[in-house]
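A structural walkthrough
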Amino acid sequence: MSIEKVPSSSAQPPSSASSSPFELRKGVNGLHKVVLREVRGSSVEVYLYGSHVTSWKNDHGEELLFVSSKAIFKPPKPIRGGIPLCFPQFSNHGPLESHGFARNRFWCVDPDPPPFTNTLSKAFVDLILKPTEEDMKIWPHSFEFRLRVALGPGGDLMLTSRIRNTNTDGKPFTFTFAYHTYFSVSDINEVRVEGLETLDYLDNLRNKERFTEQGDALTFESEVDKIYLSTPTKIAILDHEKKRTFVIRKDGLPDAVVWNPWDKKAKAMADFGDDEYKHMLCVEAAAIEKPITLKPGEEWKGRIELSAVPSSYCSGQLDPQRVLQSS
Ligand code: BG6
């Protein structure tokens, strides 16, 4: 089993001018987590294990992400819920373990983060993953994966991934990627997803065959596991009962996975409650259909920005298209 690395740099925030104050605490099973807070009250928690966001709360203290009550916070099992990072392979679309290994490795606080142009956010943390010799036996490439997790002044959650090929043998590498976000919803039957209608998708439940989505917004009444291709940069999840709309803005991530295991698969998962499928929906900004190739020295960047806005959609005051069109 791997040993948790908590380098001295993670015991306190880095001391550069751009550094952000954050708390490092012990979470479930003594695993270290970083806590970010924004002055108005919103907060985020990120486990160093997997660089895994496990909590995102708005300024009323309401949890916006789903984490299973049966999640196992014990390596090498990835945490069920929150935002697992899928790298260097999405799902079982390749020879590696499902969703790659970034989500079940110990990351470090980055002592030397790259400069960021967006300085609006005062609550952020920079994390880094580099492969061990063991990792290189299963994926023979040297890389630096840097993740910035930032909380905006209005409570928006921003994740920026930068992946660099640091191979010294001149070899390129190729990967697929996803931010596997589990959104908390009141009732899956009352949820609509806007922005993916009429698009092509690969259906994981039908041998990854390609189909075209029909009709209006997506609604849910059975298991879904689809990879929508070439999606717009904004997708909205409308939760009628909560009167809340999640808006996902993404950059560098053309695809979007929509997943809900529904009842049978839920029962088959040891780290997922039998009825919990009713209260979650994964909408995952991803790069899958066209894998990313980096030559030595090259870097890829993929970013998401998540907002939760109150919606009075039920009373017809909010046109979902306007949510998508507004900046
Ligand atoms: C989704 C995949 O992204 O993740 C599904 O599309 C998969 O096929 C699901 O079942 C959960 O994966 P895991 O490895 O976390 O159980």
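Owing to the predicted nature of the structure, the values given are computational and were not obtained by experimental measurement.

What follows covers empty space enclosed by the protein. In total, this model carries two cavities of 30 Å³ or more according to the counting rule given. Roughly 40 Å³ of internal volume is contained in the second largest cavity. Lining of the second largest cavity is provided by D110, P113, P114, F116, D126, R146, L147, R148, T160 and R162. Put simply, the parts of the chain that give the lining of the second largest cavity at least two residues each are strand 8 (143-151) and strand 9 (157-165). No other element matches strand 8, which puts three residues into the lining of the second largest cavity. Residue classes in the lining of the second largest cavity are distributed as four nonpolar, one polar and five charged.

The subject of this paragraph is the site of the ligand. In the vicinity of the ligand, the contacting residues are R80, F90, S91, S98, H99, R103, H180, N204, D225, V257, W259 and E284. Interatomic distance of 2.9 Å between a side-chain N/O atom of R103 and an oxygen atom of the ligand. At 2.5 Å, a side-chain N or O of D225 approaches an oxygen atom of the ligand. When atoms are counted within 2 Å of each cavity's grid points, the one that captures over half of the ligand is the largest pocket. Its residues assigned to classes, the shell around the ligand shows three nonpolar, five polar and four charged.

Another aspect to go through is the pairing of strand 14 (residues 209-212). Relative to strand 14, strand 13 (residues 200-203) runs antiparallel, the two sharing four bridges. Counted as the bridge partner of L202 is R210 from strand 14. In this structure, the hairpin formed by strand 13 and strand 14 is closed by a connection of five residues, where N207 is found at a positive phi of approximately 55°.

Time to look at the environment of R249. Looking at the element boundaries, R249 is found in strand 17 (residues 244-251). Here the alpha-carbon distance between R249 and I304, two residues 55 residues apart in the chain, equals 5.6 Å. A distance of 3.2 Å separates polar atoms of two side chains, one belonging to R249 and the other to S307.

Mapped onto the present numbering, the UniProt feature "active site" (unreviewed entry) falls on H180 and E284. These annotated residues cover 105 residues of sequence, and their C-alpha atoms all fall within 4.7 Å of one another, placing them together at a single site. Lining residues of the largest pocket drawn from the annotated set just named are H180 and E284. With respect to the secondary-structure elements, H180 resides in the loop between strand 10 (173-179) and strand 11 (182-184). The class for H180 is buried, based on a relative accessible area of 4%. Among residues more than four places away in sequence, those in contact with H180 are G82, I83, P84, C86, H99, W259, C282 and E284. Tracing the backbone through its elements, the reader meets E284 in strand 19 (residues 280-294). If we ignore the near neighbours within four places in the chain, the residues touching E284 are F90, A178, Y179, H180, T181, D255, A256, V257 and W259.

Under the counting rule described, the total for this entry stands at 22 salt bridges. Residue R25 is joined to E23 by a salt bridge in which the shortest nitrogen-to-oxygen separation is 2.9 Å. Residue class for R25 comes out partly exposed when judged on its relative accessible area of 35%. The partner of K33 in a salt bridge is E45, and the shortest N-O contact between them spans 3.0 Å. With K33 in strand 2 (residues 32-37) and E45 in strand 3 (residues 43-47), this pair connects stretches of sequence that are twelve residues apart. Residue class for K33 comes out buried when judged on its relative accessible area of 11%. Several salt bridges share partner residues, and in doing so they unite D110, K130, E144 and R146 into one network.

Working definition: an aromatic ring pair is given by the centre-to-centre distance plus the angle between the planes. Applying the stated rule across the entire model yields 24 aromatic pairs. Seen from their ring centres, Y49 and F106 are 5.0 Å apart, and the 40° between their planes marks the pair as tilted. With Y49 in the loop between strand 3 and strand 4 (52-57) and F106 in the loop between strand 5 (85-86) and strand 6 (108-109), the pair connects residues that are 57 residues apart, well separated along the chain. Residue F106 is classed as buried on the basis of its relative accessible area of 5%. Measuring from centroid to centroid gives 6.2 Å for W56 and F246, while their planes differ by 45°, and the two rings are tilted. Residue W56 is found in strand 4, and its partner F246 is found in strand 17; the two are separated by 190 residues along the sequence. Residue classification places W56 among the buried residues on the basis of a relative accessible area of 1%.

Moving on to the layout of surface pockets. One water molecule sets the probe size; rolling that probe over the atoms shows where empty space is left. Considered as a void within the structure, the largest pocket measures approximately 420 Å³ in volume. Lining the largest pocket are 22 residues; nearest its centre among them are S91, S98, H99, D225 and W259. Of the residues belonging to the lining of the largest pocket, the class tally is seven nonpolar, six polar and nine charged.

The rules behind the values
- Numbering of residues starts from 1 in each chain and follows the order in which that chain's sequence is written.
- In view of the model being predicted, local features appear only for residues whose pLDDT reaches at least 70, and side-chain atom pairs are presented and counted only at 80 or more, with totals across whole chains, interfaces and linings using the full set of residues.
- In computing side-chain values, all of the structure's heavy atoms are included and hydrogens and water are not.
- In this analysis a 1.4 Å probe is tested at points of a 1 Å grid over the protein atoms alone, and where it fits but cannot get out there is a cavity; an open set with protein on both sides within 12 Å along at least five of seven lines is a pocket; lining residues have an atom within 4 Å of a point.
- Grid points are joined across faces, edges and corners, and a volume is the space filled by probe spheres set on the points.
- Under the scheme used here, helices are H or I runs from DSSP no shorter than 4 residues and strands are E runs no shorter than 2 residues, and both carry numbers assigned from the N terminus.
- As a working rule, the residues Ala, Val, Leu, Ile, Met, Phe, Trp, Tyr, Cys and Pro are called nonpolar, Asp, Glu, Lys and Arg charged, and the rest polar, with Gly in that last group.
- Proximity is defined per residue: any heavy atom of the residue falling within 4 Å of a molecule or strand makes that residue near it.
- Each polar contact in these results corresponds to two N or O atoms within 3.5 Å; when the atoms are within protein, one needs to be able to donate a hydrogen and the other to accept it, and residues that are neighboring in sequence are counted only if both atoms are side-chain atoms.
- Pocket or cavity membership: a molecule qualifies when more than half of its atoms sit within 2 Å of the grid points of that site.
- In this analysis, strands are considered paired if DSSP registers two or more bridges between them.
- UniProt positions are given in the numbering used here, feature names are shortened, and annotations may be inferred rather than shown by experiment.
- For every residue, the accessible area obtained with a 1.4 Å probe (protein chains only) is divided by the maximum for its type, and the residue is called buried under 20%, exposed over 50%, and partly exposed between those limits.
- We call two residues in contact whenever any of their non-hydrogen atoms come within 4.5 Å of each other.
- Criterion for a salt bridge: a side-chain nitrogen of Lys or Arg within 4 Å of a carboxyl oxygen of Asp or Glu.
- Ring pairs are drawn from Phe, Tyr and Trp, using the six-membered ring of Trp, whenever the two centres fall within 6.5 Å, and their geometry is named by plane angle: stacked under 30 degrees, edge-to-face over 60, tilted for the rest.

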